[in-house]
Amino acid sequence: MRRRQPSARMLISRSSPLHTPGAGVSRVSFHPVCQSWQDSTRISFGESVMDVLRPQLITIDGRNYRKNPIQEKNYPHEEDEGVYQDSMEYSDEPCDAYEVEQTPQGFRATVSAPSLLYKHIVGKRGDTKKKIEMETKTSISIPKPGQEGEIVITGQHRNGVISARTRIDVLLDTFRRKQPFTHFLAFFLNEVEVQERFLKFQEEVLEKCSMDRGVDSSIFQNPKKLHLTIGMLVLLSEQEIQQTCEILQRCKEEFINDISGGKPLEAEMAGIEYMNDDPGMVDVLYAKVHMKDGSNRLQELVDRVLERFQALGLIVKDWNSVKLHATVMNTLFRKDPNAEGRYNLYTADGKYIFKERESFDGRNILKTFENFYFGSLKLNSIHISQRFTVDSFGNYASCGHVDFS
């Protein structure tokens, strides 16, 4: 029997070849990968440019899939309607990575997902769920809204259950990526000495540079919220928060103890720098953080933590290394004191919010306070901090942490 070619639809297959040439077809295709490309070649199709050898990777349950971006016409639709329709077709090849249980009635597989994402599997008027069931000849049972549990897939054929499971995984991953960040991994940098020195920095900046365009007290960070971010997270249930705590604990056992020596890392916060490339048009000014002994142990530790969470698909791989910094001035604070930098630009349904920002002239600040010393630090804990929350000390509320000593 001649094998049907996937053509202009989405294909997920564990046996597909790694390298496929780009083509001007429609929609998106996914392929599993086992390595990353070190070099990239960019090929232009009309006005679009596709990165052929370094495509976006999507991690689902520890398996990596390559996402090939290709041209697609955009049609207006309401919320989820149409997102699933005409977007996916799957190979019939079995995927051994999934756990499929054989039962007297056929086959059964389960998917763990937070209740917040159930609606995306059901779809408008139940259309998405019905479409998956019809095309894979399966039955899908989803807990009621607000109830945590497992999505259960049953069917007469193993391949049909696997195909339904794969489609659900892709939908869950797609809509999880549209959720706003809820938590972040961070070191707290709000030791008393650092807070006092920060307030001194603010006082002197306003005294010496308040005449510079855009400089005023509204754009300074709250000293109680000074922190060093390792990575942003989307945690949609208590179970996911607990799983994150467990991952941090494993990081401690596997490499944090070796790097830290079971003791706090002695660091210091000194010197300032700006994010963009024009010191006369600054939006974010930050203080630099480094080890007192000049070693790279802090950088190694946070990069290893970032790498672990990226490998598990919990942090999007936007970069390979953490920038060791603490934001001290941010123009987003000008209109919203509770703004949280560039991570505050999406609504709950993933829509981008454009926030007009009034930059400031940072040239005099950079020249005058280039080497300002904010204080010494003993970094002993990585926290899972919840955004838009405040604890009794005025800092971000911590949902869990791992201590070095």
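What counts, and at which threshold
Residues numbered from 1 in each chain as written. Predicted model: local features only at pLDDT ≥ 70, side-chain atom pairs only at ≥ 80, totals over all residues. Heavy atoms only, no water. Salt bridge = Lys/Arg side-chain N within 4 Å of Asp/Glu carboxyl O. Helix = DSSP H or I, 4+ residues; strand = E, 2+ residues; numbered from the N terminus. Buried < 20%, exposed > 50% of the residue type's maximum accessible area, 1.4 Å probe, protein only. Phe/Tyr/Trp six-rings, centres within 6.5 Å; stacked < 30°, edge-to-face > 60°. Lys NZ or Arg CZ within 6 Å of the ring centre and 35° of its normal. Core = buried A, V, L, I, M, F, W, Y, C linked by side-chain atoms within 4.5 Å. Contact = heavy atoms within 4.5 Å. Axes fitted to C-alpha atoms, helices over the stretch in contact; angles between N-to-C directions. Parallel < 35°, antiparallel > 145°, perpendicular 65-115°, else oblique. Left-handed = near helix turned anticlockwise from the far one by under 90°. Pairing = 2+ DSSP bridges. pLDDT = per-residue confidence, 0-100.

## A closer look at the pattern of salt bridges
Consideration 1: Applying the stated criterion across every chain, the model contains 16 salt bridges.
Consideration 2: Glu 135 is the salt-bridge partner of Arg 167, the closest N and O atoms lying 2.6 Å from each other. Here Glu 135 lies in helix α2 (residues 127-136) and Arg 167 lies in helix α3 (residues 158-176), a separation of 32 residues in the sequence.
Consideration 3: The class for Arg 167 is buried, based on a relative accessible area of 6%.
Consideration 4: A salt bridge links Arg 308 to Glu 254, with the nearest nitrogen and oxygen atoms 2.7 Å apart. Residue Arg 308 is found in helix α6 (residues 297-311), and its partner Glu 254 is found in helix α5 (residues 238-260); the two are separated by 54 residues along the sequence.
Consideration 5: The class of Arg 308 is partly exposed, set by a relative accessible area of 24%.

## A few points about the packing of aromatic side chains
Consideration 1: Across all of its chains, the model carries 9 aromatic pairs by this definition.
Consideration 2: Ring geometry for Phe 184 versus Tyr 396: centroids 5.1 Å apart, planes at 90 degrees, classification edge-to-face. Separated by 212 residues along the polypeptide, Phe 184 in strand β10 (residues 183-188) and Tyr 396 in the loop between β16 (381-386) and β17 (398-403) bring together distant segments of the chain. In terms of burial, Phe 184 and Tyr 396 fall into one category: buried.
Consideration 3: In this structure, Lys 225 is placed above the aromatic ring of Tyr 396, and the distance from its NZ or CZ to the ring centre is 4.8 Å.

## Some thoughts on the nonpolar core
Consideration 1: Core analysis: the biggest nonpolar cluster contains 57 residues, and Phe 187, Phe 201, Met 269, Ile 365 and Ile 382 have the highest contact counts within it.
Consideration 2: Among the elements that make up this core, the one with the highest residue count is α5 (7 residues).
Consideration 3: Residues in contact with Phe 187, not counting those within four places in the same chain, are His 227, Leu 228, Ile 230, Leu 298, Leu 301, Val 302, Leu 379, Ser 381, Ile 382 and Phe 404.
Consideration 4: Of all hydrophobic cores here, the second largest spans 20 residues; its members include Tyr 118, Leu 171, Leu 172 and Leu 236.

## Some remarks on unusual backbone geometry
Consideration 1: A positive phi angle is found at Arg 125, which is not glycine, with a value near 60 degrees.
Consideration 2: On the secondary structure map, Arg 125 appears in the loop between α1 (118-122) and α2.
Consideration 3: When its relative accessible area of 56% is taken as the criterion, Arg 125 is described as exposed.
Consideration 4: Even without being glycine, Lys 137 reaches a positive phi, approximately 55 degrees.
Consideration 5: If you trace the backbone, Lys 137 turns up in the loop between α2 and β8 (138-141).
Consideration 6: Taking relative accessible area as the criterion, Lys 137 reaches 63% and is therefore assigned exposed.

## Describing the packing of α2 against α3
Consideration 1: Their axes nearest at 9 Å, the elements α2 and α3 cross at an angle of 150 degrees. With respect to α3, the element α2 is oriented roughly antiparallel. Considering only the axes of α2 and α3, their crossing is right-handed. For the pair formed by α2 and α3, the contact residues are Thr 128, Ile 132, Glu 135 and Thr 136 on the first element and Gly 160, Ser 163, Ala 164, Arg 167, Ile 168 and Leu 171 on the second.

## Remarks on the pairing of strand β12 (residues 265-274)
Consideration 1: Of all 10 residues in β12, 8 are buried, a share of seventy percent or more.
Consideration 2: Note that β12 and strand β15 (residues 373-379) share 6 bridges and pair antiparallel. In the strand pairing of β15, Leu 265 is matched with Leu 379.
Consideration 3: Two elements, β12 and strand β13 (residues 284-291), share 6 bridges in a ladder whose sense is antiparallel. Counterpart to Glu 268 in the pairing with β13 is His 290.

## A short note on the packing of α5 against α6
Consideration 1: One way to put it is that α5 packs onto α6 with a least axis distance of 10 Å and a crossing angle of 150 degrees. The crossing of α5 and α6 is right-handed. Residues Thr 244, Ile 247, Leu 248, Cys 251, Glu 254, Phe 255, Ile 256, Ile 259 and Ser 260 of α5 form the contact with α6, whose participating residues are Arg 297, Glu 300, Leu 301, Arg 304, Val 305, Arg 308 and Phe 309.

## Quick notes on the confidence of the model for the protein chain
Detailed reading of the predicted coordinates is not advisable wherever pLDDT falls low.
Consideration 1: When pLDDT is averaged across the protein chain, the result is 81; 71% of the residues are at 70 or more.
Consideration 2: Contacts for the low-pLDDT stretch residues 1-50, under 50 throughout, to residues beyond four places or in other chains number 118 contacts.
Consideration 3: When the criterion is pLDDT under 50, residues 70-94 qualifies, and its contacts beyond four places in sequence or with other chains add up to 60 contacts.

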